[in-house]
Amino acid sequence: IAIKAQIDGEPQESDFEVKTQPFSLSAKPGSNDIIIKNLYVSIDPYQINRMKTVSSSQKASEFAVGISPGQVIDAYGVGKVIASDNPKFEKDDYVLGLISWGEYTISQGFILNKLDPMGFPLTYHVGLLGLSGLTAYSGFFEICKPKKGEKVFVSAASGSVGNLVGQYAKHFGCYVVGCAGSPNKVKLLKEKLGFDEVFNYKEETDLNSALQRYFPDGIDIYFDNVGGEMLEAAISNMNTNGRVALCGIISEYTSAGKRAAPDLLSVIYKRITIKGFLSGDYMSLFPEFLTMTTDHLRTGKMHVLEDISIGLESVPSAFVGLFRGDNVGKRIVQVSSE
Ligand code: NDP
């Protein structure tokens, strides 16, 4: 799957095309190549920032290198090695890491590891046991430094990262309120995932008063996945010494020029910490994250929200749907069965 031209604004399915190129299923001796059959690929909002004409994130981070029209789009996912000239990988190994929105990937092992599924479905390693999980874990525990009983607000709460933040925060002993964009999502988060309160932000005319209603005593922690007006309203409702984990600002990704303008004087007076972070910087937490999350899974404390579509040709619709809130939980495309 490739983009036809740079995408500035809301992405459409017609912005994408399927390209084919000749390809050898054997690894050339001396090439160090690993030939991977892609099984499950991750569909992530940040990819839109790589598709723009000029992107500040493109300049700011090696994690968001720009994508040109016609180019193979690299993406996180799980695959199976079908041939290898690389000493670290063997035929039939499962691998997790940088593969592509394509049927096969030729890799040299960059951001790629062997995967032990540990008895869990492969898709879990794309989402809650993979980077979405690490993002939620590191952002909540390391950036927000929660204390039991604190009041936590999470936006895009039914999304891949957001639902996990809410679940970690509940298990840790916090009071958790989420917002999401449909009545079904609100119901799911309250009834199945155990959030204390959830509201549909699309039904609120004034986000500031909505937050006052749910947090009469203020917010201690805001885990931000959306930026924009929600970030402004959350800052206005933060308590003294509150912490904001700036994980993502999806509401700003597709609207050029839209920028949150929170009340910075209250940030100063209330000594609020606002910290942006990239989960890739917290790989050292991976073992403890994995232990906690697999324990929660095995004891039935953690619910898994996955949203899987089938076939490579569904990648464009899966991707553009993220910006309309079509997904519930981790969006994944199954490219191939084994
Ligand atoms: P999600 O699964 O949360 O999917 C995106 C969701 O965002 C949608 O389902 C939708 O839910 C919501 N949304 C879409 N457009 C808007 C909008 N204009 N205003 C408010 N909400 C909107 O994606 P992820 O969990 O993968 O990612 C969540 C955020 O975290 C993103 O901003 C992403 O870029 C960021 N991220 C950051 C990482 C890091 O290391 N810092 C790593 C991974 C993700 P709804 O129905 O509620 O509107």
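Note that the coordinates shown come from a computational prediction; the quantities given were computed from them, not determined experimentally.

*Asks:* Report on helix α8 (residues 228-236), specifying residues and quantitative values.
*Replies:* Each full turn of the α-helix corresponds to 3.6 residues, which orients residues three or four apart in the same direction. Among the residues of α8, those classed as buried are Met 230, Leu 231, Ala 233, Ala 234 and Ile 235. Contacts made by the buried residues of α8 are with β8 (151-154), α7 (207-214), β11 (219-224), β12 (238-246) and α10 (264-269).

*Asks:* Please give an account of the packing of helix α4 (residues 131-143) against helix α5 (residues 160-172) that cites residues and values.
*Replies:* One can describe the packing of α4 onto α5 by two numbers: an axis separation of 8 Å at closest approach and a directional angle of 45°. Considering the angle they form, α4 stands oblique to α5. At the point where α4 passes α5, the crossing takes the right-handed sense. Counted together, Ser 132, Gly 133, Thr 135, Ala 136, Tyr 137, Gly 139 and Phe 140 of α4 and Ser 160, Val 161, Leu 164, Val 165, Tyr 168 and Ala 169 of α5 form the full contact between these two elements. Looking at the contact of α4 with α5 residue by residue, the classes come out as eight nonpolar, five polar and no charged.

*Asks:* Just give me the short version of the packing of α4 against helix α11 (residues 286-298), but keep the residues and values in it.
*Replies:* Relative orientation of the contacting elements α4 and α11 amounts to 100°, with a least axis distance of 10 Å. The angle between α4 and α11 falls in the class roughly perpendicular. Counted together, Gly 133, Leu 134 and Tyr 137 of α4 and Phe 286, Phe 289 and Thr 293 of α11 form the full contact between these two elements. Residues belonging to the contact of α4 with α11 are distributed by class as follows: four nonpolar, two polar and no charged.

*Asks:* Go over the domain arrangement of the chain with me, naming the residues and quoting the values.
*Replies:* Interfaces are often sized by the accessible area lost when the parts come together. Splitting the chain by domain gives domain 1 (2-128 + 305-334) and domain 2 (131-280). Using C-alpha coordinates to define each centre, domain 1 is positioned 28 Å away from domain 2. With 19 residues of domain 1 at the interface, the matching set in domain 2 holds 19 residues. Secondary structure elements with two or more residues in the side of domain 1 that touches domain 2: α1 (47-51) and β15 (330-334). In terms of residue class, the side of domain 1 that touches domain 2 is made up of eight nonpolar, seven polar and four charged.

*Asks:* Any details on α4? Residues and values, ideally.
*Replies:* With respect to burial, α4 is a largely interior element, 11 of its 13 residues being buried. Taken as a whole, α4 has its buried residues at Leu 131, Ser 132, Gly 133, Leu 134, Thr 135, Ala 136, Tyr 137, Ser 138, Gly 139, Phe 140 and Ile 143.

*Asks:* Run through the site of the ligand, naming residues and quoting values.
*Replies:* Near the ligand you find 29 residues, and of these Gly 159, Ser 160, Gly 181, Gly 248 and Gly 325 are the closest. Per-element accounting of the shell around the ligand gives the leading share, three residues, to α5. Partitioning the shell around the ligand into residue classes produces 12 nonpolar, 14 polar and three charged. Of the residues that make up the shell around the ligand, three or more belong to each of domain 1 (2-128 + 305-334) and domain 2 (131-280).

*Asks:* Give me the lowdown on the sheet that holds β11, citing residues and values where you can.
*Replies:* Spatial ordering of the open sheet is given by β10-β9-β8-β11-β12-β13, a layout of six strands whose pairing is parallel. Looking at the sheet topology across the chains shown, the edges are occupied by β10 (197-200) and β13 (273-276). For this sheet, the mean angle separating the axes of adjacent strands, direction not counted, is 15°.

*Asks:* Explain the confidence of the model for the chain to me, and be specific about the residues and the numbers.
*Replies:* Regions with low pLDDT carry predicted coordinates that are not meant to be interpreted in detail. Overall, the prediction assigns the chain a mean pLDDT of 95, with 97% of residues at 70 or greater. As a predicted assembly, this complex carries a pTM of 0.96 together with an ipTM value of 0.99.

*Asks:* How would you explain the environment of Gln 21 if you had to name every residue and give the values?
*Replies:* Inspection of the secondary structure assignment puts Gln 21 in the loop between β2 (16-17) and β3 (34-42). A residue is classified by how many C-beta atoms lie within 10 Å of it, and Gln 21, with 6 of them, is exposed. C-alpha of Gln 21 to C-alpha of Gly 178: the two residues are 157 residues apart in sequence and 45 Å apart in space.

Definitions and limits used
- Residues numbered from 1 in each chain as written.
- Predicted model: local features only at pLDDT ≥ 70, side-chain atom pairs only at ≥ 80, totals over all residues.
- Buried ≥ 20, exposed ≤ 12 C-beta atoms within 10 Å, placed from the backbone.
- Helix = DSSP H or I, 4+ residues; strand = E, 2+ residues; numbered from the N terminus.
- Contact = placed C-beta atoms within 7 Å.
- Axes fitted to C-alpha atoms, helices over the stretch in contact; angles between N-to-C directions.
- Parallel < 35°, antiparallel > 145°, perpendicular 65-115°, else oblique.
- Left-handed = near helix turned anticlockwise from the far one by under 90°.
- Nonpolar A, V, L, I, M, F, W, Y, C, P; charged D, E, K, R; others polar.
- Domains from an automatic or database assignment.
- Near = placed C-beta within 6 Å.
- Pairing = 2+ DSSP bridges.
- pLDDT = per-residue confidence, 0-100.

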